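Read off the chains here:
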Amino acid sequence: MRIRHLKAIGPSAAILAMVVFLNPTATTAQNPTMLKTPWGEPDLQGIWTDETDTPLQRPARFANQEFFTEAQRAELDQQRAAMLAGDRRSERGTARDVSGAYNSEFLSVKRVGTRTSLISDPPDGRIPPLTPEAQRIAAADREFRLAMLQSTDTCKNEEAACAGGKYDPKPSPRRAEPPPRYHTVRHNRHDNPEDTSLAERCLTLGLPEFGTAFGGSFRRIVQTPGGISIFYDVGQGQGWQRNVVMDGRPHLPSNIRQWYGDSRGRWEGNTLVVDVTNFSPKTDYQGARENLHLVERWTRTGPNTLEYVATIEDPTVWTRSWTVTQEFSKQSDKENRIYTEPRCIEGNYGLPGLLLGRRVQEHAFAQGKGPDPATQDHISAGFLLEQDPLR
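Residues numbered from 1 in each chain as written. Predicted model: local features only at pLDDT ≥ 70, side-chain atom pairs only at ≥ 80, totals over all residues. Heavy atoms only, no water.

Concerning the overall build of the protein chain
In step 1: Looking only at helices and strands, the protein chain has six helices and 14 strands in total.
In step 2: For the protein chain, restricting intrachain contacts to residue pairs at least 6 apart in sequence, the fraction spanning at least 24 positions comes to 61%.
In step 3: For the protein chain, the accessible area works out to roughly 19,900 Å², and carbon and sulfur atoms hold 53% of it. (Helix = DSSP H or I, 4+ residues; strand = E, 2+ residues; numbered from the N terminus. Contact = heavy atoms within 4.5 Å. Areas by Shrake-Rupley, 256 points an atom, 1.4 Å probe, with all protein chains shown as cover.)

Shown next, in the form of structure tokens:
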């Protein structure tokens, strides 16, 4: 199977299955149990990717389904093709139009997969409930973000981005406050780089990595006797590498924290089991930070298939652990290339543009030549993926 992207054609938004530059390897009859490295370990090497799109959580309308029917997949593909045909722009030249950044040309939208969610446990395909403390922290974060929006048209017009907030024509006094905790997502202030999201600062989201609409998600696994390295090529040039320690040493001391955590691996039969701890408190996955704990299981299921199962837990955030299951397809090592040097920083003219733009607006406002930047929403412009029926 090849990676196929959806393409809208003309007003009818017909679907074209379009082969992109990444091609899987040819299928062989080789028994996966015979795929071994020269030193006798199961061979997981190669470039791997998920060739279909599956939502992380099961959409409510498919609550009782683990798998889509073929008719449902076809319908979703048609809806997503129509989404790609749309240019959901605000009135051209308005603040909301200018603050919009991405359209379908920037996205990697693939055919819908067979499963209704990547989450395989709990059975309902949903992330478990938050603990009371995690709910309190999430509420404090959202309250702060809403304060940054309160004097904008987004709140005045009661748009979705201001749900739970209220409009006040005067900018919030909280604009001078630091956020409740280290900031990882966007909020409507650009006083310094830390006011922007991790991605806008070219700081990768790290583990767990389940894919992205921006450029896809690929991983190259390289094995040596006693060691495994995995390079991820994700998003818009935000590549990164992790090394899995395989010699039986324990995890790093708890006072040593790393952006991608500390990976310790072992073999259980033909399955690579990786235990990941010691995450940095400056990373964030669905609210989990330094207490995030992952157990990954990588199993070669065929010549060109690799099963990935990740169990995720953080007792300070969720009421129970949860599990994601993906199937990766092997891509041709000859026809494809992964760029191991991250390109995001060198090409990131957006971040300095955001900061400089706000300084220019503030200078103009001080001279009575423009609106107060605090009354403008620079982050909540309509975004194409908000229309995705898989969301």
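Structural notes on the pairing of strand β7 (residues 217–224)
In step 1: Alignment of strand β5 (residues 46–49) against β7, held across four bridges, turns out to be antiparallel. The residue of β7 that forms the bridge with Thr-49 is Phe-218.
In step 2: The pairing of β7 with strand β8 (residues 227–234) spans eight bridges and is antiparallel. Residue pairing across strands places Phe-218 opposite Asp-233, the latter belonging to β8.
In step 3: Where β7 folds back on β8, the antiparallel hairpin that results is connected by two residues, among which Gly-226 adopts a positive phi of roughly 90 degrees. (Pairing = 2+ DSSP bridges.)

Considering the nonpolar core
In step 1: Membership of the largest hydrophobic core comes to 35 residues, with the highest contact counts inside it found for Leu-56, Phe-210, Trp-298 and Trp-322.
In step 2: Counting only elements with at least two residues in this core, the list comes to β8, β9 (240–245), β11 (271–277), β12 (293–302), β13 (305–313) and β14 (322–331).
In step 3: Setting aside chain neighbours within four positions, we find Leu-56 in contact with Ser-117, Leu-118, Ile-119, Gly-125, Ile-127, Phe-210, Tyr-285, Gln-286, Trp-322 and Val-324.
In step 4: Core analysis: the second largest hydrophobic core is formed by five residues, Phe-62, Leu-76, Val-112 and Leu-390 among them. (Core = buried A, V, L, I, M, F, W, Y, C linked by side-chain atoms within 4.5 Å. Buried < 20%, exposed > 50% of the residue type's maximum accessible area, 1.4 Å probe, protein only.)

Quick notes on the environment of Tyr-182
In step 1: Assignment of secondary structure puts Tyr-182 in the loop between α4 (153–156) and β7.
In step 2: Residues Tyr-182 and Lys-282, 100 residues apart in the sequence, show an inter-C-alpha distance of 6.3 Å.
In step 3: When sequence neighbours within four positions are dropped, the list of residues in contact with Tyr-182 reads Leu-198, Arg-201, Lys-282 and Arg-289.

Regarding the packing of aromatic side chains
In step 1: Across all of its chains, the model carries nine aromatic pairs by this definition.
In step 2: Ring geometry for Phe-62 against Phe-68: centres 5.0 Å apart, planes inclined by 90 degrees, an arrangement best described as edge-to-face. In this structure, Phe-62 and Phe-68 share a single accessibility class: buried.
In step 3: Feature note: the residues Phe-210, Tyr-285, Trp-318 and Trp-322 constitute an aromatic cluster, connected by ring pairs.
In step 4: Looking at Arg-219, its charged tip hangs above the ring of Phe-328, at a distance of 4.3 Å from the centre. (Phe/Tyr/Trp six-rings, centres within 6.5 Å; stacked < 30°, edge-to-face > 60°. Lys NZ or Arg CZ within 6 Å of the ring centre and 35° of its normal.)

Brief notes about unusual backbone geometry
In step 1: Cis geometry marks the peptide bond from Asp-121 to Pro-122; its omega dihedral reads 10 degrees.
In step 2: Of the consecutive residues Leu-207 and Pro-208, the connecting peptide bond is found in the cis state with omega at -5 degrees.
In step 3: Phi angles above zero are rare outside glycine, and Cys-202 is one such case at about 60 degrees.
In step 4: Counting through the fold element by element, Cys-202 comes out in the loop between α4 and β7.

Some details on the pattern of salt bridges
In step 1: For the structure shown, the criterion picks out 23 salt bridges.
In step 2: Across the pair Arg-80 and Asp-53 runs a salt bridge, and its minimum N-O distance is 3.1 Å. Placement of the pair is Arg-80 in helix α1 (residues 70–85) and Asp-53 in the loop between β5 and α1, with a sequence separation of 27 residues.
In step 3: The exposure class assigned to Asp-53 is buried, which follows from its relative accessible area of 14%.
In step 4: Asp-141 is the salt-bridge partner of Arg-181, the closest N and O atoms lying 3.0 Å from each other. (Salt bridge = Lys/Arg side-chain N within 4 Å of Asp/Glu carboxyl O.)

Notes on the state of the cysteines
In step 1: Across all of its chains, the model carries one disulfide by this definition.
In step 2: What pairs with Cys-155 in a disulfide is Cys-162, and their sulfur atoms sit 2.0 Å apart. The chirality of the disulfide connecting Cys-155 with Cys-162 is right-handed, given an S-S dihedral of about 90 degrees. Cys-162 shares its class with Cys-155; the two are buried. (Disulfide = S-S within 2.5 Å.)

Here we look at the pairing of strand β10 (residues 262–268)
In step 1: With seven bridges connecting them, β10 and β11 associate as antiparallel partners. Along β11, the bridge assignment pairs Arg-266 with Val-273.
In step 2: Turn length for the β10-β11 hairpin, with the two strands adjacent in sequence and antiparallel, is two residues, and the turn residue Gly-269 shows positive phi of about 65 degrees.

Details of helix α3 (residues 132–149)
In step 1: Its 18 residues place the ends of α3 26 Å apart at the C-alpha level, agreeing with the 26 Å of an ideal helix rising 1.5 Å per residue.
In step 2: For α3, the full list of buried residues reads Ala-134, Asp-141, Phe-144, Leu-146, Ala-147, Met-148 and Leu-149.
In step 3: Check the buried side of α3 and you find it contacts α4. (Expected span 1.5 Å × (residues − 1).)

Some words on helix α6 (residues 350–366)
In step 1: Under the 1.5 Å per step criterion, the end-to-end length of α6 is 24 Å for 17 residues, consistent within 8% with the ideal 24 Å.
In step 2: Of all the positions in α6, only Leu-351, Leu-354, Leu-355 and Arg-358 are classed as buried. Seen along its axis, α6 keeps its buried residues to an arc of 90 degrees; they face one direction.
In step 3: Positive backbone phi, approximately 70 degrees, marks Gly-368, located one or two places after α6. (Arc of directions from axis to C-beta.)

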